[in-house]
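Next come the chains, spelled out residue by residue.
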Amino acid sequence: MTGTRLYFATDLRAADRCFTKFLSAASAYDAQVLVLGGNLTGTRMAPVVRHRTGVWHAVLDGTTAELRTDREVARFEKRAADIGVYTFRTDQDELAALDDDPAAVDAVFHRLATDRLRRWLELAADRLPEDRVRLLVCCGNDDPITLDALIDASPAALLTEGRAVELDERRVLVGVGYSNATPWQCERDLPEEELAQRLATALDTVDRSGAQLVLHTHCPPYDSELDATVVLDEELRPRTEAGQEIVAPSGSTAVREIVERYQPVLSLHGRALESRGYVRLGRTLAVNPGSEYSDGILRGVLVDLDRDGVAHHLLTSG
């Protein structure tokens, strides 16, 4: 086999609708390899609170819903899950206790994030034909490190973090989900020097005997047109100038240097949701498909690899 069709999407942020579309991409596009990038974890929770009257109350996108039956509660939970919001059923007393215990809130969030990813991996095992489609997964800077073990233990997925994974007889893929520093100080954020070392260590696992390299890093290369994001102030609010939000490169200099030095045939990136596109960095095709997970829209890129490298690529949306 000298040709491989690969489909890549990233930053699904716990959105069920996007993940089910992602799995369907294997058959829709006849892809042999699905590559799922971070961030897999959502950012919001919506407690579904049972009041003493027996009515459930929940808030989604600023709108309060009154839910009177189990069917209405289930519909609300599905609607929230589709756009990446975690829900959990509770009562007024438990919710009041959580308000006074940030550590307990963090524990609930981590449980929900783990449960969502576990369910995704089970769905992948059920829906992907084991003999024809491979699922490669790498977390992102905002994903708990504990999720790596969950992915690694799944029979449906192959964790690519820090290792070289064979794509076909001509190519290997190396994944690194860690990132240069961000204003949110995420668990996998690193200084550029440490990120450079992590990248170098991962690439040391590659056999240099002629194999083509596909690089998958969650953060894009610095100043590559794939890393433009809104600049935030100390309060994490968008900075403006003349009434316009200030946009600047936010990618990694270490990733840029690695791409320029190793010249992979393809490099796959995410994190900068607004910077959908592709560029040529020397011989490397670098791609960031962007993300619109909160609208249930799956952004991705379809890539045909032949014996010489990238034969065709197409940004997709649906």
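Quick summary incoming for the structure in this document. (Residues numbered from 1 in each chain as written. Predicted model: local features only at pLDDT ≥ 70, side-chain atom pairs only at ≥ 80, totals over all residues. Heavy atoms only, no water.)

As a further point, take the nonpolar core. A general tendency of soluble globular proteins is for nonpolar side chains to be buried together. In this structure, Y7, L12, F22, L34, L135 and I151 are the most contacted members of the largest nonpolar core, which totals 32 residues. Among the elements of the structure, strand 1 (4-9), helix 1 (16-28), strand 2 (33-36), helix 4 (102-127), strand 7 (134-137) and helix 5 (147-152) are those that each provide at least two residues to this core. It is helix 1 that contributes the most residues to this core, six residues altogether. Among the nonpolar cores identified, the runner-up in size contains 21 residues, and L199, V259, V279 and L281 belong to it. (Core = buried A, V, L, I, M, F, W, Y, C linked by side-chain atoms within 4.5 Å. Buried < 20%, exposed > 50% of the residue type's maximum accessible area, 1.4 Å probe, protein only. Helix = DSSP H or I, 4+ residues; strand = E, 2+ residues; numbered from the N terminus.)

Another aspect to go through is the pattern of salt bridges. Using the criterion set out here, one finds 18 salt bridges in the structure. Two residues, R68 and E66, come together in a salt bridge whose shortest N-O distance is 3.1 Å. Classification of R68 as exposed rests on a relative accessible area of 55%. R188 is paired through a salt bridge with D148; the nearest N and O atoms lie 3.0 Å apart. Linking R188 in the loop between strand 11 (179-180) and strand 12 (189-190) with D148 in helix 5, this pair joins segments that are 40 residues apart in sequence. A relative accessible area of 0% means that R188 is categorised as buried. (Salt bridge = Lys/Arg side-chain N within 4 Å of Asp/Glu carboxyl O.)

What follows deals with the pairing of strand 7. Where strand 2 lies against strand 7, four bridges are found, and the strand directions are parallel. Residue pairing for strand 7: L36 is matched across the bridge by V137. Of the pairings in the sheet, the one linking strand 7 to strand 8 (residues 158-159) comprises two bridges and is parallel in character. Across the sheet, the residue bridging to V137 is L159, located in strand 8. (Pairing = 2+ DSSP bridges.)

Turning our eyes to something else, we now look at the sheet that holds strand 4 (residues 56-60). The four strands lie next to each other as 5-4-3-6, forming an open sheet whose pairing is mixed. The open sheet is flanked by strand 5 (63-67) and strand 6 (85-91), the only strands paired with a single partner. Here the strands of the sheet are splayed against their neighbours by 25 degrees on average, with no regard to which way each runs. Along the sheet face, helix 3 (residues 92-99) touches strand 3 (44-50) and strand 6 and points at about 120 degrees away from the line of strand 6. (Axes fitted to C-alpha atoms, helices over the stretch in contact; angles between N-to-C directions. Contact = heavy atoms within 4.5 Å.)

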